Amino acid sequence: MLQQHVAGVPSRLASLCEALCLSSKNAWVTSWHFFVFYWPTVPMRFLKTDPHFRAPKPKMPPDALPPATGEDARPLIGIAFKVASTFSFFIMVSAIKLVSEDVPITQVVFARNFFGMIPILIMMIVNGQLIIAAKTNRPGTHISRAVIGVTAMVCNFWALSLIPLPDATAIGFAAPLIVVVLAALVLKETVRIFRWSAVAVGFVGVIITVLPHMGQGSGDTFSQNLGVLLAFGAAFFGAVAMITVRKLCETERTSTIVFWFTMASTGMSFLTLPLGWVYPDVAWVMPSWLDMLFLVGVGVFGGIGQLLLTQSYRFADASTVAPFDYINMVWAIVFGFLIFAEVPTPEVLVGSAIVISAGIFVIYRERKLGFERTRPGRASTPSKS
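Please read all numbers here as calculations on a predicted model, not as lab measurements. (Residues numbered from 1 in each chain as written. Predicted model: local features only at pLDDT ≥ 70, side-chain atom pairs only at ≥ 80, totals over all residues. Heavy atoms only, no water.)

*Asks:* I tried to follow the nonpolar core on my own but got confused; where do I start?
*Replies:* Soluble globular proteins: nonpolar side chains tend toward being buried together. Ranked by size, the top nonpolar core spans 42 residues in total, and within it Phe90, Ile96, Val108, Phe157 and Leu165 carry the most contacts. Elements supplying a minimum of two residues to this core: α3 (75-99), α4 (105-126), α6 (139-160), α7 (165-172), α10 (221-248), α11 (254-270), α13 (289-315) and α15 (328-340). Among the elements that make up this core, the one with the highest residue count is α3 (eight residues). If you look at the next biggest cluster of nonpolar residues, it comprises 34 residues, including Ala322, Met329, Val355 and Ala358. (Core = buried A, V, L, I, M, F, W, Y, C linked by side-chain atoms within 4.5 Å. Buried < 20%, exposed > 50% of the residue type's maximum accessible area, 1.4 Å probe, protein only. Helix = DSSP H or I, 4+ residues; strand = E, 2+ residues; numbered from the N terminus.)

*Asks:* Help me understand the packing of aromatic side chains in this model?
*Replies:* Evaluation of the coordinates by the stated rule reveals twelve aromatic pairs. Relative to phenylalanine 114, the ring of phenylalanine 110 has its centre 5.4 Å away and its plane inclined at 15 degrees; by these criteria the two rings are stacked. Here phenylalanine 114 and phenylalanine 110 lie together in helix α4, a separation of four residues that amounts to about one turn. The class for phenylalanine 110 is buried, based on a relative accessible area of 15%. Given a relative accessible area of 37%, phenylalanine 114 falls into the partly exposed group. When the centroid spacing of 5.4 Å and the interplanar angle of 75 degrees are considered together, the rings of phenylalanine 236 and phenylalanine 237 count as edge-to-face. Taken together, the ring pairs connect Phe110, Phe114, Phe115, Phe270 and Trp284 into an aromatic cluster. (Phe/Tyr/Trp six-rings, centres within 6.5 Å; stacked < 30°, edge-to-face > 60°.)

*Asks:* Would you mind going over the side chain of threonine 251 with me for this structure?
*Replies:* The topology assignment puts threonine 251 in the loop between α10 and α11. Looking at threonine 251, the relative accessible area reads 17%, which means it is buried. A distance of 2.7 Å separates polar atoms of two side chains, one belonging to threonine 251 and the other to arginine 138. (Polar contact = N/O pair within 3.5 Å; in protein donor to acceptor, adjacent residues only side chain to side chain.)

*Asks:* So what exactly am I meant to see when it comes to the packing of α3 against α15 here?
*Replies:* For any two helices packed against each other, one specifies the crossing angle of their axes together with the interaxial distance. For the pair α3 and α15, interaxial distance at closest approach is 10 Å and the crossing angle is 35 degrees. Note that α3 runs across α15; the crossing there is right-handed. The segment α3 lies against α15, with Val83, Thr86, Phe87, Phe90, Ile91, Ser94, Lys97 and Leu98 engaging Asn328, Trp331, Ala332, Phe335, Ile339 and Phe340. Grouping the amino acids of the contact of α3 with α15 by side-chain chemistry returns ten nonpolar, three polar and one charged. (Axes fitted to C-alpha atoms, helices over the stretch in contact; angles between N-to-C directions. Left-handed = near helix turned anticlockwise from the far one by under 90°. Contact = heavy atoms within 4.5 Å. Nonpolar A, V, L, I, M, F, W, Y, C, P; charged D, E, K, R; others polar.)

*Asks:* Explanation requested: α6 in the structure shown.
*Replies:* Along an α-helix, residues three or four positions apart point the same way, because every turn accommodates 3.6 residues. In this model α6 runs 31 Å from its N-terminal to its C-terminal C-alpha over 22 residues, within 8% of the 32 Å that 1.5 Å per residue would give. Counting buried residues in α6 gives 16 out of 22 residues, a clear majority hidden from the surface. (Expected span 1.5 Å × (residues − 1).)

*Asks:* Would you mind going over the packing of helix α8 (residues 175-185) against α10 with me for this structure?
*Replies:* One can describe the packing of α8 onto α10 by two numbers: an axis separation of 8 Å at closest approach and a directional angle of 50 degrees. What the angle tells us is that α8 and α10 run oblique. The crossing of α8 and α10 is right-handed. Contacts between α8 and α10 pair Ala175, Ile178, Val179, Leu182 and Ala183 from the former with Ala235, Phe236, Ala239, Val240, Met242, Ile243 and Arg246 from the latter. Split into classes, the residues belonging to the contact of α8 with α10 amount to eleven nonpolar, no polar and one charged. (Parallel < 35°, antiparallel > 145°, perpendicular 65-115°, else oblique.)

*Asks:* Could you clarify how one ought to interpret the pattern of salt bridges in this entry?
*Replies:* A side chain with one charge may pair with a side chain of the opposite charge, provided their charged atoms come close. All told, the structure shown has two salt bridges when counted by the stated rule. Here aspartate 325 and lysine 82 are joined by a salt bridge, their closest N and O atoms 2.5 Å apart. With aspartate 325 in the loop between α14 (318-321) and α15 and lysine 82 in helix α3, this residue pair connects regions lying 243 residues apart in the sequence. Across the pair lysine 97 and glutamate 342 runs a salt bridge whose closest N-O atoms are separated by 3.6 Å. Taken together, the positions of lysine 97 in helix α3 and glutamate 342 in the loop between α15 and α16 (346-368) put the pair 245 residues apart, joining distant regions of the chain. (Salt bridge = Lys/Arg side-chain N within 4 Å of Asp/Glu carboxyl O.)

*Asks:* How should I be thinking about the environment of tyrosine 313 in this particular structure?
*Replies:* Here tyrosine 313 is to be found in helix α13. Since its relative accessible area comes to 0%, tyrosine 313 is described here as buried. When the C-alpha atoms of tyrosine 313 and isoleucine 79 are compared, they prove to be 8.9 Å apart, with 234 residues separating the residues in sequence.

*Asks:* So what exactly am I meant to see when it comes to unusual backbone geometry here?
*Replies:* With the exception of glycine, the majority of residues adopt a negative phi angle, and the majority of peptide bonds are in the trans configuration. Positive phi values are uncommon outside glycine, yet alanine 341 reaches one of about 55 degrees. Considering the arrangement of structural elements, one finds alanine 341 in the loop between α15 and α16. Taking relative accessible area as the criterion, alanine 341 reaches 62% and is therefore assigned exposed.

*Asks:* Teacher, can you tell me more about the side chain of asparagine 328 here?
*Replies:* Positionally, asparagine 328 belongs in helix α15. Within the structure, the side chain of asparagine 328 is placed 2.6 Å from the backbone oxygen of aspartate 325, a separation counted as a polar contact.

*Asks:* Is there a simple way to think about α10 in this case?
*Replies:* The terminal C-alpha atoms of α10, which comprises 28 residues, lie 40 Å apart, in line with the 40 Å expected from a rise of 1.5 Å per residue. Across the 28 residues of α10, 20 count as buried, placing the element largely inside the fold.

*Asks:* Before we go on, may I ask you to explain the environment of alanine 159 in this structure?
*Replies:* Summarising the element assignment, alanine 159 is placed in helix α6. Sequence separation of alanine 159 and isoleucine 105 is 54 residues, and the distance between their C-alpha atoms is 10.0 Å. Once you skip the residues sitting within four places of it in the chain, alanine 159 turns out to touch Gly227, Leu230 and Ala231.

Here you go:
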């Protein structure tokens, strides 16, 4: 008995030392973790009760998407799902642009989230994940993510109502470049000269894209400039949401992230209803039958697009399907011309080509350096919300 007790001392000492090391290691992590990932919900003091607030990086959740490698990898199917998701999202975007002429943006955002629950909840019920998806120990972080996501939605939808579809799409391509900057500043990822150069070149492309709107075009110059700023805001908040989701993916199930975002964003967007009592310009209206059809389509096709995007990462890794994000520019030109008679300017085409090239180079470098993003995080990008 004494020999067993003495033999167990080294292991207990080792455990104690390990706990002390982890405590010191995470002391500095906590300081920036609060200010970056919880800043939108600082007034909500319950965030400090998050049991993962000071915890070391945990393991991936049990229902995370399995690696799409070896025999399980079917890249062509994954790419097909990805392309289908971009098409579904652009049906949603076109409906937003059409209905925003008669319905306030806040009401459109509510419709996107409320009717978007339909395909998502059906899929969860079919897969038996509805109950378990609602369970979480990090409600504050989910609410924080929803605040950022709804902000990105408002900026994106409002921008679509003010500037041409190809222009808004091209500016939105800045989001992955902003993610690189935030990953370096917030997640402390190592970003070397190649990716910094790609980010710089990409932002030059964005500047070229917005030049026609900087007081040079005809029409309402203020609305054009506001649309550009809102598109930039949507890209920025979309990038912040991506970073937040990447942290959530360390402990949360994919179904939990989607469920909480859908529910929280629906509730938050509904709270904009009383704003109309103070600001008549954003007062909700009784839509016509055609506008109601558009509002339902905004939500349903947005939800379907999200599901298709998630499925694409079940069959191919992120670095394989991510470049097909840029097929959105093709849809923007086609939908913009056929539905809204919008023809992209040479500046938009040149700027888009530069931004797309920079984005693809960033994806290539991340794959080469082993910085592949988590699939659940990519599947939930609020820029596509």
